[in-house]
Amino acid sequence: MSKPFTLAEGQPITDPSVSTTLPVRGGGGITTLGDTLLIETLSHFNRERIPERVVHAKAAGAWGEFEVTNDISSLTSAKFLNGVGKKTPVLFRLSTTGGEKGSADTVRDVRGFSVKFFTEEGNHDIVGNHIKSQAPSRYKPPGLDDDLWEAISRGQFPAWKLYVQVMEPEQAETYGRGLFDITKVWSHKEFPLIEVGQMMLNKNPENYFAEIEQAAFSPSNMVPGIAMTPDPMLQARMFAYPDAQRYRLGVNYTQLPSNRAICPVYAPFERDGMGTITRNYGGDPNYVRSSLSPGIPSQVVSEVRHTERIMQNAVLGQHEILVDEEDYVQPRDLWNRVFDENEKRRWVDNLAETLEDVPIQLKEAVAEMFGKVDPRISQMIGARANASSRL
Ligand code: HEM
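Residues numbered from 1 in each chain as written. Predicted model: local features only at pLDDT ≥ 70, side-chain atom pairs only at ≥ 80, totals over all residues.

Chemist: Outline the overall build of the protein chain, listing residues and values.
Modeler: Along the backbone of the protein chain there are ten helices and eight strands. Relative to the globule expectation of 21 Å for 391 residues, the C-alpha radius of gyration of the protein chain, 27 Å, shows a markedly less compact shape. Viewed in the frame of its principal axes, the protein chain has a C-alpha envelope of about 80 × 70 × 50 Å. Residues counted as buried form 16% of the 391 residues belonging to the protein chain. Partitioning the intrachain contacts of the protein chain with sequence separation of at least 6 by distance along the chain shows that 64% fall at a separation of at least 24. (Helix = DSSP H or I, 4+ residues; strand = E, 2+ residues; numbered from the N terminus. Rg over C-alpha atoms; globule rule 2.2 N^0.38 Å. Buried ≥ 20, exposed ≤ 12 C-beta atoms within 10 Å, placed from the backbone. Contact = placed C-beta atoms within 7 Å.)

Structure, rendered in structure tokens:
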């Protein structure tokens, strides 16, 4: 189907590669301020780039669907997780952590994993990391963008399962500080994985910028029935992501197609601002308790209350969580009980590679730290360092 060229506001044009000029003798021409086509294209071009994400800048993404496969209605009232067979549209973004947009995705790096669930109770986001246990970079893992895109276009839809772990409040009270610490895991034996559902990606973006670059994921996007944990890292992130997005995409980023909720949104206390593309609540009053306002309290939220029990005699102040023996217990288990000899060697190889250009005193400090996990690790790091300095 052919599409006649127009200006940005739809006025038809014959040839976008020609400008309005006053020809002069000897060739050439003088351009005019009245050439809207020329001015519009030049100024739009200058504004094509937006600030890239400070971290996780490089990525691939796709659309898909999440389906509940196991009934967990006894654990949460979140509607999108209730009812086996229930489906929710999702947007997914897979990123590298440290590199900028143009960087290679073949170097060893933590992968970011973001999912936005478009639920009937508003958007729910999961924004997590995934540390690949991968061979050193010289073995070149497959590329990020091409793989996902090609698999989906071949009809080989990638799928992931979602599981949760459950702890009773009484157990939580005595569990210790590993409870809400992102550097710790809950034992799978003690708290077995419970299946929830499956996400399948089935549609590539048609335009990367519009659909993936402008996507805004945040751990602060939570639906009723799911609440934040008292983890200071999570709370910092709940501010940091939307703040980055207001800067990166503008204050009305929630109205962009990749981010807008599929349920009704009524927040007349947030209106105007650059790039408003909704009705902007028409003539509704700002004042939310006005009898003239159509806004009413949501029933759902008053039924789903989440409370925290604060420590007795707690003091608001700067509390540092110091690294102590407890921080070495899980890494030691990983080293001794999970890794086989081959994985141990690969892991030391990976680490040693990142230490190659590091000053000697830092190398020693790293070896000493890992020695607290197991003395053999520091020996292996030392041996690797000696071997490479002889090369
Ligand atoms: C306090 C610590 C952290 C801060 C301040 C922080 C901040 C940020 C910011 C500002 C962005 C860019 C968001 C955007 O521009 O749209 C981002 C992206 C991201 N972060 Fe963090 N982060 C932190 C820790 C973490 C942790 C612990 C994880 C994993 C559990 C994580 C996973 C991600 C992912 C996956 C993205 C990419 C989001 C996307 O796909 O758009 N971050 N982070």
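Chemist: Hey, could you go over the domain arrangement of the protein chain for me, with residue numbers and the actual values?
Modeler: Domain boundaries in the protein chain define domain 1 (1-48), domain 2 (59-255) and domain 3 (326-390). Here domain 1 and domain 3 have C-alpha centroids that lie 61 Å from each other. (Domains from an automatic or database assignment.)

Chemist: Outline the nonpolar core, supporting the account with residue identities and numerical values.
Modeler: For soluble globular proteins, nonpolar side chains are generally found buried alongside one another. Ala62, Val90 and Phe92 are the most contacted members of the largest nonpolar core, which totals 25 residues. Breaking this core down by element, the ones donating at least two residues are β3 (59-68), β4 (87-96), β5 (111-119), α2 (144-153) and α5 (232-249). At six residues, the largest contribution of residues to this core is made by β3. Leave out the neighbours within four places in its chain, and Ala62 touches Phe92, Leu148, Ile152, Leu201, Lys203, Asn204 and Pro205. (Core = buried A, V, L, I, M, F, W, Y, C linked by C-beta atoms within 7 Å.)

Chemist: Please give an account of the sheet that holds β4 that cites residues and values.
Modeler: On the basis of which strands lie adjacent, the open sheet formed by six strands has the order β6-β5-β4-β3-β8-β7 and antiparallel pairing. The two strands at the open ends of the sheet, each matched to only one other strand, are β6 (122-130) and β7 (159-164). Neighbour-to-neighbour, the strand axes of this sheet turn through a mean angle of 30°, independent of strand direction. By the bridge criterion, six bridges tie β3 to strand β8 (residues 194-203) in an arrangement that is antiparallel. Residue pairing in the sheet places Val68 in a bridge with Gly197 of β8. (Pairing = 2+ DSSP bridges. Axes fitted to C-alpha atoms, helices over the stretch in contact; angles between N-to-C directions.)

Chemist: Any details on the site of the ligand? Residues and values, ideally.
Modeler: Taken together, 23 residues lie near the ligand, and His56, Gly112, Ser114, Asn129 and Ala244 sit nearest. The biggest single contributor to the shell around the ligand is α5, with eight residues. Residues of the shell around the ligand, tallied by class, amount to twelve nonpolar, seven polar and four charged. (Near = placed C-beta within 6 Å. Nonpolar A, V, L, I, M, F, W, Y, C, P; charged D, E, K, R; others polar.)

Chemist: Describe the environment of Lys58, listing the residues and the values that go with them.
Modeler: One can find Lys58 in the loop between α1 (36-46) and β3. Here the alpha-carbon distance between Lys58 and Glu100, two residues 42 residues apart in the chain, equals 6.1 Å.

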